[in-house]
Amino acid sequence: MQNNVNITNSTQEFRQDFAIISGWVKFGSKVLDLGCGDGALLQFLRSGLEVKGYGVEKDDANWLTCMNNGVNVIQMDLEDGLSGFEDQSFDTVILSQTLQAMHNTEGIVLEMLRVGREVIVTFPNFGYWRNRVQILSGNMPVSKILPYQWFDTPNVHLCTINDFDEFCKNHKISVLERKVITDGNQIDFMPNFLGNLAIYRLKAN
Amino acid sequence: MTENNSVGTGSVGIVAPQTAHFAKPLTLKSGAVLPQFDLVYETYGTLNADKSNAVLICHALSGTHHVAGKYSENDKYAGWWDNLVGPNKPLDTNKFFVIGLNNLGGCHGSTGPVSNNPDTNQQWGSQFPVVTVEDWVKSQALLADYLGIQQLAAVIGGSLGGMQALQWTIAYPERVRHALVIASAPNLTAQNIAFNEVARQAIITDPEFHGGDYYAHQVLPRRGLRIARMLGHITYLSDDAMGAKFGRKLKGDIKYSFDAEFEMESYLRYQGDKFAGEFDANTYLRMTRALDYYDPALNFDGDLSAALNKVTAKFLVVSFTSDWRFSPARSREIVKALLDNERTVSYAEVTAAHGHDAFLMPDAHYHNILRAYLNSIEVGTHHAK
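Residues numbered from 1 in each chain as written. Chains lettered and ligands numbered in written order. Predicted model: local features only at pLDDT ≥ 70, side-chain atom pairs only at ≥ 80, totals over all residues. Heavy atoms only, no water.

### Let's talk about the overall build of chain B
Scanning chain B for helices and strands turns up ten helices and 14 strands. With respect to the principal axes defined by its C-alpha atoms, chain B has extents near 65 × 55 × 50 Å. Contacts in chain B between residues far apart in sequence, at least 24 positions, make up 72% of those at least 6 positions apart. Within the structure as shown, chain B displays about 16,200 Å² of accessible surface, and the carbon and sulfur contribution to it stands at 52%. (Helix = DSSP H or I, 4+ residues; strand = E, 2+ residues; numbered from the N terminus. Contact = heavy atoms within 4.5 Å. Areas by Shrake-Rupley, 256 points an atom, 1.4 Å probe, with all protein chains shown as cover.)

Right, dumping it as structure tokens:
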């Protein structure tokens, strides 16, 4: 078990959940990245693990960036579900820092579990102490991981680690593994208070 | 020098069609045999030394081999997909050797109902067989042979052209590396077949159709063809696009007549007349029939994934949000079948107002999509001189 792994990369914009996600994806496996943005995660997984990857992205500009980055990308709106994908047709389905921006949050998690043999979900932990401090001081939290103001945020379903644990329990979803990090460092003590990014590996029960 | 600035930058310049003659009989899907045939085609750009940069463009219902460029300085119109094809355009002729052809059964130079039947030395007319998408692809492969091209870098087509691109990957998986299937479908819906049937009935019931042998009577079923085209035009546009372009605009005061009083009417009449003056009714019947019949999943109990099992090409599938004739849902069926087979595929759903016709429009995002995909296609670097 690796503790205090520093996964920040000084030479490029490197999302702090990528290293942990890549540790959970098998070499040469088939991966679906939902809300794949510019395709950086899939590029990372492809170069390191030779995955057969597909991204799903709604935004036109992101779609083009993916294409220019050589990432296979399917343009669709996740809010409509994953009807174009067969049951259990991917080794891993990933939703990286997008859950909080979904309207149909419950629906997409269940769809992911239908399509993927394993599911990886990452989200900013709203229970992180700095968020709590900002709330206590009377303002909505704004930070590097939650960069938006209350009036322009796409994040409509923010949750805490406790909330998500409860969600999994209520939906009979198996949590295979959970890691919590803050600024690249793994947090094992009081994760719902000290962690700002939660990374879950899930499986349908 | 192939570039000619007088026809605009990025143009392939002045072009000329060529004809390939095929003396060997061609057995069609129906079982009918064409004793010999011609295919008229145009090419743009230069075939490279290892012949790895050839791109075939398949046309839709009324398209031709004249994809890009002009025939003379004074030519009023460029080829039908000139906005896509040329130096530094999305389908860059500095990189690719692009081939456009007129399909078998066409009326622009390739062997079709207007051609002479060598057995009777009369025009084929009604006797010209019904051709299918599979037949077209077979004849296109013969054209590739004729041009010395073993493997195409890509096949591109919109609508019925997209069906041909798809069929290439099924019929000749080893001969095509990429397929760009645009505003297309894996088969027609009942509604689409219904539109085609109305179009055909307009032609067939025209008193001057003479069962398809109107050439012998020295008449043309213009009225039928005109109505068929008017109907087609309605379905190629979206309600919004028509509303934006014509709305309820009148040409003058209301006359309480059945003349073309609304601008929409006069546009349709103009389009219908223009088409009826330059297109062949027998060809129109056959093109719509080819659309109706195409269904690669038919022999696989309707399972498109099974039908695409042997496909190896990489795909770009593109649809347009306002296209109700070949809706995004139909393109997603193709995408799903490719995903089921773990093939390499990207899919773009372009927000566009123009309906089915959007695939011919120079929308910036749409062209960026095609440019990005075409840029990613690898070709040999040694150019033949």
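### Some remarks on the interface of chain A and chain B
Residue-level contacts link 17 residues of chain A with 19 residues of chain B. Both faces considered, chain A and chain B share a buried interface measuring about 1,600 Å² in area, 58% of it formed by carbon and sulfur atoms. Joining chain A to chain B, the criterion identifies two salt bridges. As a salt-bridge pair, E86 of chain A and K336 of chain B come within 2.4 Å of each other at their nearest N and O atoms. The tally of links between chain A and chain B comes to nine residue pairs in polar contact (both at pLDDT 80 or more). Mapped by element, the contributors of at least two residues to the side of chain A that touches chain B are β2 (52-57), α3 (60-68) and β3 (73-75) of chain A. Looking at the side of chain A that touches chain B, the element that brings in the most residues is α3 of chain A, giving five residues. (Buried area = accessible area lost by both parts, 1.4 Å probe. Salt bridge = Lys/Arg side-chain N within 4 Å of Asp/Glu carboxyl O. Polar contact = N/O pair within 3.5 Å; in protein donor to acceptor, adjacent residues only side chain to side chain.)

### Some remarks on the confidence of the model for chain B
Residue and element names in this part refer to chain B. On average, residues of chain B score 95 in pLDDT, and 97% of them are at 70 or above. Every residue in residues 1-8 is under pLDDT 50, and counting partners more than four places away or in other chains gives eleven contacts. Across the assembled chains, the prediction reports ipTM 0.91 with pTM 0.94. (pLDDT = per-residue confidence, 0-100.)

### Considering the confidence of the model for chain A
Averaged over every residue, the pLDDT of chain A is 92; residues scoring 70 or more account for 93%. The model gives residues 1-13 of chain A a pLDDT under 50, and that stretch makes 19 contacts with residues more than four places away or in other chains.

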